[in-house]
Structure formats: C-alpha cells, structure tokens
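Chain and residue survey
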Amino acid sequence: MADSDDLIKAVGANIQEKASLIWSAADTLRGPYKPHEYGLVILPMTVIKRFHDCLEPTHDAVLAAAEKYKAFSVKDGFLRDASGYPFYNTSKFTFETLKADPENIEDNFKGYINGFSDNVQDILARMKFADQIERLSDPDAPLLYQVVCDFCKPQADMSPDKIKAVDMGYIFENLIQRFSESYDEDAGAHFTSRDIVYLMTDLLIQADPHVFDGDRITKTVYDQTMGTSQMLGCTEERLRQLDAEARVTCYGQEFNPFTFGIAKASALIRGEDDANMRFGDTLSADKFDGFKFDYCISNPPFGDPWNPQAPSVEKEFKTAGGGRFPVEKLPAKGDGQMLFVLNGLSKLKDDGVMAIVQDASPLYKGKPGSGEDSIRRYVLENDWLDAIVQLPCDSFYNTGIATYVWLFSKAKAPEHRDHVLLIDASRCFEKRRKGIGDKKNDITKSCRDLIV
C-alpha cells in the first residue's frame, strides 16, 4: 500500500499534469467557444474517455455478448458481466476507429454515444452533451473530429492501470476548478484535498468506539454536499488502508448537474451502486429521507445565503418536531452552513459520528437567542459536539482563511462526555514545495497522528 504522504504529494504532481494535458484540448475550441464554455465540452469528453479506457479490454467480449443475447428482452446483466463494470458500450466504435473515419465523424460519434448503457446516458444528458455534439458538428466550424483526435493522444490515456479511481476524481476536480476560474466563479468550491479528508476520517475513527468491532470495518458514509464525491472516495481509500477487507458503502447528494454527473461516473468506475449518488438540493429537496448512516463527512459552502431554500426549510421547520431542523429558531439567511450541521446530525445513527468543515462564523455569529445560538445550544445540550479542530490557514485550494473541523458523536466515549475538546492545529502542517491555488500547506501523516 502506498504511503499516505506519497499519495498526498502525488495530488500535486500527477493530477495537475494530467489535467493540464486534457485541458490543452481546449485550444481546439478557441474561437467558436468562449473560455467559460470550454468545460461544457472538456468535462463530458473526459468522462466519456475514462469510460472508454476502462471498457477497452472487454470491448470484444461485450460485442459478443450483445450478439449472443440480442433476442433477449432483458440483457443488461449479461452485458455488465461481459464488461466487468456496472456500465457498458455495445457500439462497434472505439476512439481509434472514430479517428480513422473523419468523413463520418458526427454519425459515428453519435452511434458510439448511443451504445452506452442507460446509466452513462443519464450522466451525459445531465451535462446536456447532445447540444455540444451539434455545436461541434457545425459545418461552418467543424471541431468534433479534432476534439476526438485530442483525446486519442497517449497523454490522454485514462485507463485504470494508469490512473486510480480516486486520482481520476481529483483530475475531474482540477478540470472543474479551471472551468470555474474561467467562469470567475468561486473556483474550487468542490475541493477538499486528500490530506484534509484523511485527517477527517481518522478523527471519525478516533471518535467511534465501535469501528473495529467484528471481523472487519463495515461502515456507511454520507456526504450531504458531495461535489464530485472525492471526500467519499478518499474516506473509503483511508478506511481500506486501515483494513484491506473494509466494507464501505458511500452515499451522497449534489445539486450541480455537472459535478453530480462526475460523482455518478466516479461511482460507476469504482464499481459501486450509482443509485446511492442522488441529485437535488440537500436543504430543500432531501433525497435521503429516513436514512441513517454510520459516518457523515462533508465540506458545505461557507457564507452561502439560503434564501432560495427558505420556503422548503421553513415549511419543514414548522412541522411537528421540526424535521431535520429541531431547534427553536433558524439561523440568519445570509449563511446556511449551520443548517448543514443539523441535516448531518439528523442522518446519523444513534452511535454515528460526523466530521464537517466550517469557517469561523459558527463559533461566534448570532446574539444570544438567535438562530445560530439556538443551534449551538441544541448540540451542546445533547452533548453531541466532541471536538473542534482549528486547521492551518492555506489548507484548501480555494481559500486561505481559518477553517475548523467540527467533530460530532451521537454516543461519546465516557471520558469525553460533558466536554468539548478544542484543538489548535493551526501550526501543524508541512509547507508544500509548490502550492495548488491557495493550498500551500499539507497535513502529513506525522501532523495527522499528532492531531489525532
């Protein structure tokens, strides 16, 4: 098993290099596409090429199975078995054969896309990729053939033996960051780096007295703001480092159709049930009503107003018991991060544990009697808040501000009861040789062990 510090360092080198090579295909789009539109093509094409490279070794077996079972009304299972993945493509085309026939690229490429299983079609539909195929095929500015050629280059090899599933997720996130930057959005809003997730996972385990009960680690993990699902992927990776036989089932919700599509793609590539990845706004359209999980891990947005979700949240708040928001008063509408605390707590089993990233405002914002105050009182009176860890500044790709991991436990260890542990880890880091965005500091294994 690779050393966890090596994996953390690799995020800087391999991921940026591979993402840069993929993003260089954007040069082909220059002119007909504006910079903020590049991601509309690059992200779906990266998803398609990753699926293509995963399926290439079993391509002939899938074609043979499609022919053998063509008379069957239900043949999905046979085709999945043949592909070795929960998805498949029954088209005769590969990227190389598409490249070999420039004259018919539009029809052949559409035929290739239509050969994918329904779960992949759903991802591409959410990304509205059919619109881009039409645009790339415009006879006055035909770009489709060149884009396919760009993704045939050796540097664009995305086969699983070259790129691990979790690292593929980081490549997606790096591409999204570039896409966000060209949009001048809050770039990196979807990012939580591997070192932070490893720390959060180790804190979850430290706060969970039952983690090693039984023969192996068996946990359900939920991320309420999953982005591209990398926190889930890294949590699973870390649990498997601790127990190679760990059984980890991941669940997540996301409301951005692009990042949701990538999360669903990542689940399929990892061989997991993509039905556990659900689309919708967590605060206003909870897709996991009635579910309870062992662990909740998330990095919700800081300082985002919740006005758009207010009608749904307030309606639930006014029901008997308050639903997911069983407090006396809701927080101010300028910042919804404490609502995510309440949602996460509502999803925990009676002995569940949650690690959630917050900025400084939940520590002090709101006067006595305010909504923020009532939420703090709610968690303290229930004795669910186990620890608050101040992280080093410059630990995230998209912000250099002070951040904190709040650790909640529904069934604290006896020695932790009626206390909250405050840990100042603001100086517990190693400087990166080369920063990524605002991230200049890493929490390495020795730092992580000290904090834990």
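First, a word on scope: everything that follows refers to the structure included in this document.

What counts, and where the lines are drawn
Residues numbered from 1 in each chain as written. Predicted model: local features only at pLDDT ≥ 70, side-chain atom pairs only at ≥ 80, totals over all residues. Heavy atoms only, no water. Helix = DSSP H or I, 4+ residues; strand = E, 2+ residues; numbered from the N terminus. Rg over C-alpha atoms; globule rule 2.2 N^0.38 Å. Contact = heavy atoms within 4.5 Å. Areas by Shrake-Rupley, 256 points an atom, 1.4 Å probe, with all protein chains shown as cover. Buried < 20%, exposed > 50% of the residue type's maximum accessible area, 1.4 Å probe, protein only. Pairing = 2+ DSSP bridges. Axes fitted to C-alpha atoms, helices over the stretch in contact; angles between N-to-C directions.

A count of helices and strands for the protein gives 19 helices and ten strands. For 452 residues, the compact-globule estimate of 2.2 N^0.38 gives 22 Å, and the C-alpha radius of gyration of the protein, at 23 Å, lies within 12% of that figure. C-alpha extents for the protein along the principal axes are approximately 70 × 45 × 45 Å. Contacts in the protein between residues far apart in sequence, at least 24 positions, make up 75% of those at least 6 positions apart. Total accessible area on the protein stands at roughly 19200 Å², and carbon and sulfur atoms take up 51% of it.

Let's shift gears to the environment of Asn382. Tracing the chain through its elements places Asn382 in the loop between α18 (371-381) and β6 (385-390). For Asn382, a relative accessible area of 33% corresponds to the partly exposed category. Separated by 181 residues in sequence, Asn382 and Thr201 place their C-alpha atoms 23 Å apart.

Okay, the sheet that holds strand β7 (residues 404-409) next. Taken together, eight strands build an open sheet; the order of strands is β3-β2-β1-β4-β5-β7-β6-β8 and the sheet is mixed. Edge positions in the open sheet fall to β3 (277-279) and β8 (421-424), since each of these has one partner strand only. Neighbour-to-neighbour, the strand axes of this sheet turn through a mean angle of 15 degrees, independent of strand direction. Judged from the five bridges that link them, strand β4 (residues 293-298) and strand β5 (residues 348-358) form a sheet pairing that is parallel. In the sheet register, Cys296 faces β5, and the bridge partner there is Met354.

One non-glycine residue, Lys128, lies in positive phi territory at about 55 degrees. Structurally, Lys128 can be placed in the loop between α8 (118-126) and α9 (129-136). Backbone geometry at Asp383 places phi at a positive 60 degrees, although glycine is not the residue there. As for its placement among the helices and strands, Asp383 is situated in the loop between α18 and β6.

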